[in-house]
Amino acid sequence: NNEKSVPQLLIRDLKFEKSSLAKLMFSPDQENHPSKAPVKYGELIVLGYNGSLPNGDRGRRKSRFALFKRPKANGVKPSTVHIACTPQAAKAISNKDQHSISYTLSRAQTVVVEYTHDSNTDMFQIGRSTESPIDFVVTDTVPGSQSNSDTQSVQSTISRFACRIICERNPPFTARIYAAGFDSSKNIFLGEKAAKWKTSDGQMDGLTTNGVLVMHPRNGFTEDSKPGVWREISVCGNVFSLRETRSAQQRGKMVENETNQLQDGSLIDLCGATLLWRTAEGLSRTPTVKHLEALRQEINAARPQCPVGFNTLAFPSMKRKDVVDEKQPWVYLNCGHVHGYHNWGNKEERDGKDRECPMCRSVGPYVPLWLGCEAGFYVDAGPPTHAFSPCGHVCSEKTTAYWSQIPLPHGTHTFHAACPFCAHQLAGEQGYIRLIFQGPLD
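- Per an unreviewed UniProt entry, the protein is named PELI1 ligase, and its organism is Bucorvus abyssinicus.
- Here is the UniProt Sequence similarities (unreviewed entry) comment for the protein, exactly as written: "Belongs to the pellino family."

This is the structure we're talking about:
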């Protein structure tokens, strides 16, 4: 009834909002036929990147990769097993038009398992190689690196054809992970040195050099999540306890009651990069970039002030997430007091890194604060009240609490908690701190 009193501008804006939302949700050719929106199985998000790669996302090399139902199924399943007595015979069996896995047992014997087309599944391959069979190209993550030039000099430990994910084309669209991917000649080749064995039912199985590790969180990926146990996944998708070190010859014990089925929040470690798997359903409950932007504006609208300079602080826009801005909030990591940048309290005798907080005199690192922009890492939609230490990435309390408990594989046999936004190892008692903002004095 009150429609007349609503300004025309507002009604126009609402209409505009609706149509632009439709554009956001569907690409142009789906706009008129929403039912044609492709089925999304889920997304893989690489830990250590805050929304995009340092030099920008390009083609198959990006910080997150969405898996959609393919126009035509490309999955494969094992079929015939051949035992070949010479490498030449093995080569002859593994024909270029058919997928196969070759297990070299000795110079005198190779077992070749042929794979046949599976019309019920889609296959996606992940690895360091840029060859065409790889759908998602992943390079080693260097903690806190701002550009790819930092990463190129490192000798990569990620396999060229690291792993493959097989998704069911029919509901509930189950996704399963397997170690190793098929190369350009549709072959997976496990050499003499790779750990391999015959299973109780006469099939072959094996592990890749540095292994593919998976951790499924307990209670899903929610604010109640708890870390699960890291396991190793074999070439045939069986689950094992970890080897003594990443590339040890001896495999771990088979874990009978666990599967290679990915669930929302499963972590996949490729020895050099860790990926987070989010299901389409899980992502629909996750805050969007729009929501994070609204939280940023809300914090800035409260006009937090520097208790020393009394200048107003503001988180820079998500696009400017690497350049320190003059209004940028800074924090003392030992106490959580938020300030603007100032030179006060610099202690000459300490190597310049530790500063004394003017509010409470506690001494510790003093770092700029950055918003965590990768929404897929958030376990809830809470306000950005806490920061990881020592990097200063800000997100919700439950998100900092969750990631600070996750032991992420590091090197060949150690684990440590790290910030999901930059991969820096966490420091301090908890690995994060509650932020104490000072409101405006007026």
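1. Focus: the packing of aromatic side chains
No. 1: Scanning all chains against the criterion turns up 19 aromatic pairs.
No. 2: Geometrically, the ring pair formed by Tyr 341 and Tyr 366 is stacked, given 6.1 Å between the ring centres and 25 degrees between the ring planes. Of this pair, Tyr 341 sits in the loop between strand S19 (338-339) and strand S20 (354-356) while Tyr 366 sits in strand S21 (residues 363-368); the two residues are 25 residues apart in sequence, bridging distant segments of the chain.
No. 3: With a relative accessible area of 46%, Tyr 341 lands in the partly exposed category.
No. 4: In this structure Tyr 366 comes out as buried when scored by relative accessible area, which is 7%.
No. 5: It is Arg 251 that lies over the ring of Trp 197; its NZ or CZ is 4.3 Å from the centre.

2. A short note on the sheet that holds strand S27 (residues 432-434)
No. 1: Judged by pairing direction, the sheet is mixed, and its four strands sit side by side in the order S22-S24-S23-S27 without closing on themselves. The open sheet is flanked by strand S22 (370-371) and S27, the only strands paired with a single partner.
No. 2: Where strand S23 (residues 386-388) and strand S24 (residues 393-395) come together, two bridges link them in antiparallel fashion. By the bridge assignment, Ala 387 is partnered in S24 with Val 394.

3. Overview of the pattern of salt bridges
One side chain can pair with another of opposite charge once the charged atoms of both are near each other.
No. 1: The full count for this structure, using the stated rule, is 15 salt bridges.
No. 2: When the shortest N-O distance is used, the salt bridge between Glu 43 and Lys 40 registers 2.5 Å.
No. 3: By relative accessible area, which is 27% here, Lys 40 ends up partly exposed.
No. 4: Through salt bridges with shared partners, a single ionic network connects Lys 40, Glu 43, Arg 64 and Glu 374.

4. Side note on the nonpolar core
No. 1: The biggest cluster of nonpolar side chains holds 45 residues, and the ones touching the most others in it are Leu 44, Leu 67, Ile 126, Ile 165, Ile 177, Ile 268 and Leu 270.
No. 2: When neighbours within four sequence positions are excluded, Leu 270 is seen to be in contact with Ile 126, Thr 157, Ile 158, Ala 162, Cys 163, Gly 211, Val 212, Arg 246 and Leu 275.
No. 3: In terms of nonpolar packing, the next biggest core, distinct from the first, is built from 30 residues, Ile 45, Met 215, Cys 391 and Cys 422 among them.

5. A closer look at the sheet that holds strand S7 (residues 136-137)
No. 1: Taken in spatial order, the four strands line up as S7-S6-S8-S9 in an open sheet, and their pairing is mixed. The sheet is open, and its two edges are formed by S7 and strand S9 (175-179), each paired on a single side.
No. 2: Sheet topology note: the strand S6 (residues 121-127)/strand S8 (residues 163-168) ladder contains six bridges and is antiparallel. The partner of Met 123 across the bridge, within S8, is Ile 166.

6. Quick notes on the environment of Tyr 41
No. 1: Note that Tyr 41 resides in strand S1 (residues 40-46).
No. 2: Note: C-alpha distance between Tyr 41 and Glu 281 (240 residues apart in sequence) is 8.8 Å.
No. 3: Here the side chain of Tyr 41 touches Asp 122 through a polar contact of 2.7 Å, side chain to side chain.

7. So, the environment of Pro 329
No. 1: Of note, Pro 329 is situated in the loop between helix H6 (289-301) and strand S18 (330-332).
No. 2: In sequence terms Pro 329 and Gly 340 are 11 residues apart; their C-alpha atoms lie 5.1 Å from each other.
No. 3: In contact with Pro 329, other than residues within four places in its own chain, are Leu 313, Ala 314, Phe 315, Val 338, His 339, Pro 368 and Leu 369.

8. Observations concerning the confidence of the model for the protein
The predicted coordinates of low-pLDDT regions are not to be read in fine detail.
No. 1: Chain-level statistics for the protein give a pLDDT mean of 86 and a share of 86% at 70 or above.
No. 2: In the predicted structure, residues 1-32 sits below a pLDDT of 50 and forms 13 contacts with residues beyond four places in sequence or in another chain.

What counts, and at which threshold
- Each residue is numbered by its place in its chain's sequence as written, counting from 1.
- Given that the model is predicted, a residue must reach a pLDDT of at least 70 before its local features are reported, and side-chain atom pairs must reach 80 or more before they are shown or counted; all residues, however, enter totals for whole chains, interfaces and linings.
- In computing side-chain values, all of the structure's heavy atoms are included and hydrogens and water are not.
- UniProt positions are given in the numbering used here, feature names are shortened, and annotations may be inferred rather than shown by experiment.
- Only rings of Phe, Tyr and Trp enter the pairing, Trp through its six-membered ring, and a pair is recorded when the two centres are within 6.5 Å. The plane angle decides the type: under 30 degrees is stacked, over 60 is edge-to-face, the rest tilted.
- Runs of E in the DSSP output that reach at least two residues are strands. Runs of H or I that reach at least four are helices, and both are numbered from the N terminus.
- The rule is simple: take the accessible area with a 1.4 Å probe, protein chains only, and divide by the maximum for that residue type; under 20% is buried, over 50% is exposed, in between is partly exposed.
- The criterion is that NZ of a Lys, or CZ of an Arg, lies within 6 Å of the ring centre and within 35 degrees of the ring normal, and then a charge sits over that ring.
- At least two bridges found by DSSP between two strands are what make those strands a pair.
- Each salt bridge in this description consists of a side-chain nitrogen of Lys or Arg and a carboxyl oxygen of Asp or Glu lying within 4 Å of one another.
- For our purposes a nonpolar core is just a set of buried Ala, Val, Leu, Ile, Met, Phe, Trp, Tyr and Cys residues, chained together by side-chain atoms within 4.5 Å.
- Here, residues are in contact when the closest pair of their heavy atoms is within 4.5 Å.
- Residues adjacent in sequence count toward polar contacts only when both atoms are side-chain atoms; beyond that, a polar contact is any pair of N or O atoms within 3.5 Å, and within protein one must be able to donate a hydrogen and the other to accept it.
- Every residue gets a pLDDT, meaning the predictor's confidence in that residue, from 0 to 100.

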